[in-house]
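A structural walkthrough
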Amino acid sequence: MLIDAHCHLDFPQFDHDRAEVFEAAKAVGVSHFVIPGTTRERWQHVLALAERDDTSACVGLHPYFVVQHQEADLAALDQLFIKHPEIVAVGECGIDARFEATIDAQWHYFDAQLRLAQKHSLPVVVHCVHANDTVAKRLGQFSLPKAGMIHAFSGSIEQAQKFLALGFKLGLGGAVTYGRAKRLQRMVKALPDDAFMLETDSPDMPLNGCQGMRNEPSRLVDVCRAVARLREQTAEQVAGQTSAVAATLFGLPCMRP
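Structure report, in brief.

Rules used throughout
Residues numbered from 1 in each chain as written. Predicted model: local features only at pLDDT ≥ 70, side-chain atom pairs only at ≥ 80, totals over all residues. Heavy atoms only, no water. Helix = DSSP H or I, 4+ residues; strand = E, 2+ residues; numbered from the N terminus. Rg over C-alpha atoms; globule rule 2.2 N^0.38 Å. Buried < 20%, exposed > 50% of the residue type's maximum accessible area, 1.4 Å probe, protein only. Disulfide = S-S within 2.5 Å. Salt bridge = Lys/Arg side-chain N within 4 Å of Asp/Glu carboxyl O. Phe/Tyr/Trp six-rings, centres within 6.5 Å; stacked < 30°, edge-to-face > 60°. Lys NZ or Arg CZ within 6 Å of the ring centre and 35° of its normal. Pairing = 2+ DSSP bridges. Contact = heavy atoms within 4.5 Å. Polar contact = N/O pair within 3.5 Å; in protein donor to acceptor, adjacent residues only side chain to side chain. Axes fitted to C-alpha atoms, helices over the stretch in contact; angles between N-to-C directions. Left-handed = near helix turned anticlockwise from the far one by under 90°. Nonpolar A, V, L, I, M, F, W, Y, C, P; charged D, E, K, R; others polar. Core = buried A, V, L, I, M, F, W, Y, C linked by side-chain atoms within 4.5 Å.

Remarks on the overall build of the protein
Check the secondary structure of the protein and you find nine helices and eight strands. In summary, the protein has a C-alpha radius of gyration of 17 Å against a globular reference of 18 Å for 257 residues, a match within 12%. With the principal axes as the frame, the protein shows a C-alpha extent of 45 × 40 × 35 Å. Each of the 257 residues in the protein was classed as buried or not, and the buried ones make up 60%.

What follows is the structure in structure tokens.
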């Protein structure tokens with residue numbers, strides 16, 4: 001069995017066939033889905049989906065949408081963690097350095113969410129693009145009780161080691177299936193068994209050969225197989241290891257391969 005540790009199944013791209021998407025994933029062995037929030041507007045959609053037994057919710061303020069966030073959203077987020085103890089993490093939050101014009105605001109909301117993770121003893125799901133070194137440094141300045149997940153990690157083994165030393169786990173997805181991703185693949189080969197989990201980032205982060213198509217949790221099986229080939233392990237081994245990592249980090253029911 002597999003856990004999709006990061007999939008945006010609340011997004012409108014799934015409104016017309018969401019039930020079928022869940023069923024297709026479960027038919028190939030994806031047994032649990034962790035859905036992150038991105039904006040205050042999306043939180044209730046995420047929480048509604050998390051009423052399913054096979055789905056868990058994170059809530060946060062995504063850096064890509066920083067112009068939509070308001071200071072009042074942080075207070076609302078704080079209250080949401082109190083009202084909904086079933087929420088498994090803070091996120092998706094972080095830094096996307098491609099957008100220099102909003103970088104100060106991104107850091108403001110990221111720091112605030114790290115403080116909420118401290119306050120509520122929750123892990124954080126971190127979006128980190130072109131900012132691995134600065135984000136690792138900032139995370140090292142916070143005493144986070146449960147560390148978290150670096151979503152869609154694609155950095156070097158040296159950068160991976162910085163996050164792992166802080167107690168974070170790495171999210172691996174469709175990027176590993178591309179032949180040109182040599183640095184990422186070398187990093188995946190070198191990771192300890194308990195250092196990573198699998199994700200699709202549906203509907204984004206398509207696998208090689210699926211460019212331009214909506215990504216879905218059912219394709220997590222192909223990510224698992226790709227990682228297994230790189231690590232010279234069986235898909236069953238990778239599924240079991242990564243499901244255990246995700247279940248432990250997010251406090252999910254124990255999943256067995």
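Okay, back to it.
Here's the deal with the state of the cysteines
Scanning all chains against the criterion turns up zero disulfides. C58 provides the cysteine sulfur closest to C93, a residue in no disulfide bond, and the two sulfurs are 9.5 Å apart.

Side note on the pattern of salt bridges
According to the stated counting rule, one finds 13 salt bridges in the structure shown. Of the charged contacts, one joins R40 and D73 as a salt bridge, the two residues approaching to 3.2 Å between their closest N and O atoms. Placement of the pair is R40 in helix α2 (residues 40-49) and D73 in helix α3 (residues 71-83), with a sequence separation of 33 residues. Among the ionic pairs, D193 bridges to R231, the shortest N-O distance being 2.6 Å. Here R231 lies in helix α8 (residues 220-231) and D193 lies in the loop between α7 (182-190) and β8 (196-198), a separation of 38 residues in the sequence. For D193, a relative accessible area of 36% corresponds to the partly exposed category. Residue classification places R231 among the buried positions, given a relative accessible area of 12%.

Points about the packing of aromatic side chains
Tallied over the full model, the rule gives five aromatic pairs. The ring of F22 has R52 lying over it, and the distance from NZ or CZ to the ring centre is 3.6 Å.

Section: the pairing of strand β5 (residues 124-129)
Burial within β5 is extensive, with six of its six residues counted as buried. Alternating positions in β5 separate into two faces, V124, V126 and C128 on one and V125, H127 and V129 on the other, with burial throughout. As defined by bridge partners, strand β4 (residues 89-96) adjoins β5 across five bridges and the pair is classed as parallel. In the strand pairing of β5, C93 is matched with V126.

Remarks on the environment of S202
By the secondary structure assignment, S202 is in the loop between β8 and α8. For the pair S202 and H6, spaced 196 residues apart in sequence, the C-alpha separation works out to 7.7 Å. Among residues more than four places away in sequence, those in contact with S202 are H6, C7, H8, L9, F14, N215, E216 and P217. At 2.6 Å, the side chain of S202 forms a polar contact with the side chain of T200.

Some words on the packing of helix α4 (residues 103-120) against helix α5 (residues 132-141)
It is the contact of α4 with α5, at a shortest axis distance of 11 Å, that shows an interaxial angle of 35°. Our pair here, α4 against α5, has a crossing hand that is right-handed. Judged by residue contacts, W107, F110, D111 and L114 of α4 engage T134, V135, R138 and L139 from α5. Of the residues that constitute the contact of α4 with α5, the class distribution is five nonpolar, one polar and two charged.

Brief notes about the nonpolar core
The biggest cluster of nonpolar side chains holds 74 residues, and the ones touching the most others in it are V135, F163 and L198. Here this core takes eight residues from α8, the largest share from any one element.

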